[in-house]
Amino acid sequence: MASSEEFDVVVVGGGPGGSTLAALVAMQGSRVLLLEQEFFPRYQIGESLLPSTVHGICRLIGVADEIAQAGFPLKRGGTFRWGARPEPWTFSFSISPTLAAPTSFAYQVERAKFDHILLNNAKRVGVDVREGCTVNDVLDESDRVCGVCYTDPEGGQHDVRATYVVDASGNKSRLHQAVGGVRKYSEFFRSLALFGYFEGGKRLPEPNSGNILSVAFGSGWFWYIPLSETLTSVGAVVRREDAKKIQGDPEQALKALIAECPLISDHLSAATRVTEGQYGQIRVRKDYSYHNTRFWRPGMILIGDAACFVDPVFSSGVHLATYSALLAARSINSILAGTVEEKPALEEFEARYRREYGVFYEFLTAFYEMNRDEDSYFWQAKKVTGNTHTELESFVELVGGASSREFALTQASDLADRFRSSSAEFAGAIDTIADSATGNMTPMFRSSIVRQAMQEGGQVQMRAQFGASAGQEKPVFQGGLVPSLDGMFWVVPGE
Ligand SMILES: Cc1cc2nc3c(=O)[nH]c(=O)nc-3n(C[C@H](O)[C@H](O)[C@H](O)COP(=O)(O)OP(=O)(O)OC[C@H]3O[C@@H](n4cnc5c(N)ncnc54)[C@H](O)[C@@H]3O)c2cc1C
């Protein structure tokens, strides 16, 4: 056993949830270790993103420009052949004032590339990233989780101690039970997915060629996601009662399902299935809709798919993973800074995460009722979000990942600017008094007096920039906390 190391936070898993959380905590000067069992780039499903992720979270962690230059197809909205109406209908993110231009689009991404960009960014902001390292268990001490044990690529066994362990290891998490809850599978979303990749499929007419196309058919529904000018991700989500349709040879099963669906057959009429490389395999996923009864216990937090997942239909997975990462990072940052106690900080994280998951869950339950038309779906979106906008705008806000109205998801550029300028100003001010021998300023960042000074500085700066309207967000729950002005911490409202 190698000698034990110590960190502020150990993150298990380098998917979008883990990389985002690790970056947001390391950006405050804390010591973060991220352990990932694979070597990146690695394959993952979940390719259609939402505007709140690419313009909100990606801006906050500093990768929005790199993502914009990566050449991913632009997703302006979604096109659906769904519900009672026989013709396809399209929604555009630009209809919502909350997602107004220039942020009214997202990307369709090859996850191997997208996740790699996020992981490299975590390294860049100071996270100690170790690939090929599998976490086997958590370490417990006096009713707290206090670290993990892992196996390195050479088979070496290690213990690492940390103030917090964050399980971001996805739907196959083997650690989630350590928070003391159980994973409950949804009785409603009991589907299976069968998916593969095609070259040469048709595109929707401009300006919607980058849209996700979702098509309901007799046995379930198809996703059709353009990943480049020629490559398309195609998946059938099949009801549990029709599970036998995806048993046996997967190639034949996918062919038969495509033949059942005229719109997808037409789009693939001149296409060939990719049979080599990361996209060469036809894959199956089942039992993917669940939530854990607990999201944290002292010393340990679950985020992303390790905590819950609803359903692929509105591409909410990466949004929920990265948004939960932001919520948890705020809690950890505040606790480590000594400005908020562990219990209220983590209760705020869990309550907001469950609320966001709940909005998607409730809305999607109604969306699967196929005898309705789209107006009825829009009405349902307004109902579950409690939004004051029109029904169509409420729908677009919900499926754009912006129904929480968090500034961090809709006005992230302002928050990122605020974070940069307050950090720069602060770092400059303490340069003269920092310990020049070690250059280690972490204890300074953690001091509550320093944090308060930063908060006040930020307030003044924001008022100057945005005027009186630039107030704090309101608490979502009675007696709850609100995000700090730079989006990185929780604060008591009015403080
Ligand atoms: C059929 C289907 C279609 C989907 N389509 C979409 C979509 O279009 N859009 C969308 O946003 N979402 C979609 N999703 C959801 C999406 O795949 C997930 O929500 C998202 O990947 C979750 O991110 P994460 O960071 O929580 O976990 P992951 O992306 O799963 O990352 C977890 C990481 O942890 C690592 N890991 C696991 N165990 C260990 C361990 N013991 N030690 C160290 N590392 C470990 C893994 O190697 C992995 O890299 C879909 C899901 C399904 C099932």
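What you see is a predicted model, and the numbers here were worked out from it, not measured in a lab.

**Q** Looking at this model, I keep getting lost on the overall build of the chain. Mind explaining?
**A** In terms of helices and strands, the chain carries 14 helices and 23 strands. In the chain, once contacts between residues fewer than 6 apart in sequence are set aside, the share between residues at least 24 apart is 71%. About 19,700 Å² of surface is accessible on the chain, with carbon and sulfur atoms providing 52% of the total.

**Q** Before we go on, may I ask you to explain the sheet that holds strand E11 (residues 183-185) in this structure?
**A** Strand pairing in a sheet relies on backbone hydrogen bonds. The paired strands run either parallel or antiparallel. Spatially, the 3 strands line up as an open sheet ordered E11-E18-E21, and their pairing is antiparallel. At either margin of the open sheet sits one strand with a lone partner, and together these are E11 and strand E21 (308-309). Pairing analysis gives 3 bridges linking E11 to strand E18 (residues 290-292), with the strands arranged antiparallel. What sits directly across from Arg-183, in E18, is Asn-292.

**Q** Looking at this structure, how should I read unusual backbone geometry?
**A** Across the chain, the bulk of peptide bonds are trans and the bulk of non-glycine residues have phi less than zero. Each neighbour pair has its own omega, and for Phe-40 with Pro-41 the value is 0°, a cis peptide bond. Mapped onto the elements, Pro-41 comes out in the loop between strand E2 (32-36) and helix H2 (51-61). Residue Glu-206 is joined to Pro-207 through a cis peptide bond whose omega torsion reads 5°. The residue Pro-207 is located in the loop between strand E12 (192-199) and strand E13 (212-217) in this model. One non-glycine residue, Ser-142, lies in the positive phi region at around 45°. Relative to the assigned elements, Ser-142 resides in the loop between strand E8 (134-141) and strand E9 (144-151). You will see that Asp-143, though not glycine, has its phi angle at about 65°, which is positive. Along the chain, Asp-143 turns up in the loop between E8 and E9.

**Q** Hey, could you run me through the nonpolar core in this one?
**A** Nonpolar side chains in soluble globular proteins tend to end up buried together. Val-9, Leu-21, Phe-314, Phe-363, Phe-367 and Phe-395 are the most contacted members of the largest nonpolar core, which has 130 residues in total. If you tally residues by element for this core, the top one is helix H7 (residues 317-337), at 12 residues. The residues touching Leu-21, leaving out its near neighbours within four places in the chain, are Val-9, Val-11, Val-166, Ile-303, Ala-325, Ala-328, Ala-329 and Ile-332. Membership of the second largest hydrophobic core comes to 23 residues, among which are Leu-192, Ala-236, Ala-243 and Ala-271.

**Q** What's the story with the pairing of E13 in this structure? I'm lost.
**A** Both faces of the sheet carry side chains from a regular strand, because those side chains alternate between them. Extensive coverage of E13 is indicated by the burial of 6 of its 6 residues. The alternating pattern of E13 places Ile-212, Ser-214 and Ala-216 and Leu-213, Val-215 and Phe-217 on opposite faces, both of which are buried. The pairing of strand E4 (residues 77-81) with E13 spans 4 bridges and is classified as parallel. Paired with Phe-80 across the strands is Ser-214, a residue of E13. By the bridge criterion, 5 bridges tie E13 to strand E14 (residues 220-226) in an arrangement that is antiparallel. When the bridges of E14 are listed, Phe-217 appears paired with Gly-220.

**Q** What should I look at first to understand the packing of helix H8 (residues 342-367) against helix H10 (residues 391-399) in this one?
**A** Axis angle and axis distance: for two packed helices, these are the angle between their axes and the distance between the axes, and together they describe the pair. Running from amino to carboxyl end, H8 crosses H10 at an angle of 125°, the nearest separation of the two axes being 11 Å. Of the possible angle classes, the one that applies to H8 and H10 is oblique. Handedness of the H8/H10 crossing: left-handed. Residue-level contacts link Val-359, Phe-360 and Phe-363 of H8 to Phe-395, Leu-398 and Val-399 of H10. Split by residue class, the contact of H8 with H10 holds 6 nonpolar, no polar and no charged.

**Q** What am I meant to see in H7 here?
**A** Since there are 3.6 residues in each turn of an α-helix, residues three or four apart along the chain are aligned in direction. Taking 1.5 Å of rise per residue, the 21 residues of H7 would be expected to cover 30 Å, and the 30 Å separating its terminal C-alpha atoms lies within 8% of that figure. When you tally the buried positions in H7, you get 21 out of 21 residues, the bulk of the element. Of the residues trailing H7, Gly-338 is marked for its positive phi of about 80°.

**Q** Explain the pairing of E2 to me, please; I cannot follow it from the model alone.
**A** Of all 5 residues making up E2, 5 are buried, and the element is well covered by its neighbours. Where burial is concerned, the two faces of E2 agree: the one with Val-32, Leu-34 and Glu-36 and the one with Leu-33 and Leu-35 are both buried.

**Q** What is the right way to read the site of the ligand from this model?
**A** If you check the shell around the ligand, you find 37 residues, and the closest are Glu-36, Gln-44, Ile-45, Asp-305 and Val-318. With respect to the ligand, the side chain of Arg-111 contributes an N or O atom lying 3.0 Å from an oxygen atom. The backbone of Ser-315 places a nitrogen or oxygen atom 3.3 Å from an oxygen atom of the ligand. Elements represented by at least two residues in the shell around the ligand include exactly helix H1 (16-26), E2, E8 and H7. With 3 residues, the top contributor of residues to the shell around the ligand is H7. Here the residues of the shell around the ligand sort into 15 nonpolar, 14 polar and 8 charged.

**Q** Just to check I follow, could you spell out H2 for this structure?
**A** The buried fraction of H2 is high, at 10 of 11 residues. Along H2, the residues that are buried comprise Pro-51, Ser-52, Thr-53, Val-54, His-55, Gly-56, Ile-57, Cys-58, Leu-60 and Ile-61. Gly-62, located one to two residues past H2, shows a positive phi value of around 90°.

**Q** In this structure, what is going on with the side chain of Thr-232? I would like to understand it.
**A** Position of Thr-232 relative to the elements: it lies in strand E15 (residues 231-238). Engagement of the side chain of Thr-232 in a polar contact is seen with the side chain of Arg-203, the distance being 2.9 Å. In this structure Thr-232 touches Gly-196, Tyr-197, Phe-198, Gly-201, Arg-203, Tyr-224, Ile-225, Pro-226 and Leu-227, once residues within four positions along its chain are discounted.

**Q** Could you clarify how one ought to interpret the environment of Gln-411 in this entry?
**A** Tracing the backbone shows Gln-411 in the loop between helix H11 (407-410) and helix H12 (412-431). Sequence separation between Gln-411 and Thr-98 is 313 residues, and the spatial gap between their C-alpha atoms is 9.1 Å.

Conventions used here
- Residues numbered from 1 in each chain as written.
- Predicted model: local features only at pLDDT ≥ 70, side-chain atom pairs only at ≥ 80, totals over all residues.
- Heavy atoms only, no water.
- Helix = DSSP H or I, 4+ residues; strand = E, 2+ residues; numbered from the N terminus.
- Contact = heavy atoms within 4.5 Å.
- Areas by Shrake-Rupley, 256 points an atom, 1.4 Å probe, with all protein chains shown as cover.
- Pairing = 2+ DSSP bridges.
- Core = buried A, V, L, I, M, F, W, Y, C linked by side-chain atoms within 4.5 Å.
- Buried < 20%, exposed > 50% of the residue type's maximum accessible area, 1.4 Å probe, protein only.
- Axes fitted to C-alpha atoms, helices over the stretch in contact; angles between N-to-C directions.
- Parallel < 35°, antiparallel > 145°, perpendicular 65-115°, else oblique.
- Left-handed = near helix turned anticlockwise from the far one by under 90°.
- Nonpolar A, V, L, I, M, F, W, Y, C, P; charged D, E, K, R; others polar.
- Expected span 1.5 Å × (residues − 1).
- Near = heavy atom within 4 Å.
- Polar contact = N/O pair within 3.5 Å; in protein donor to acceptor, adjacent residues only side chain to side chain.

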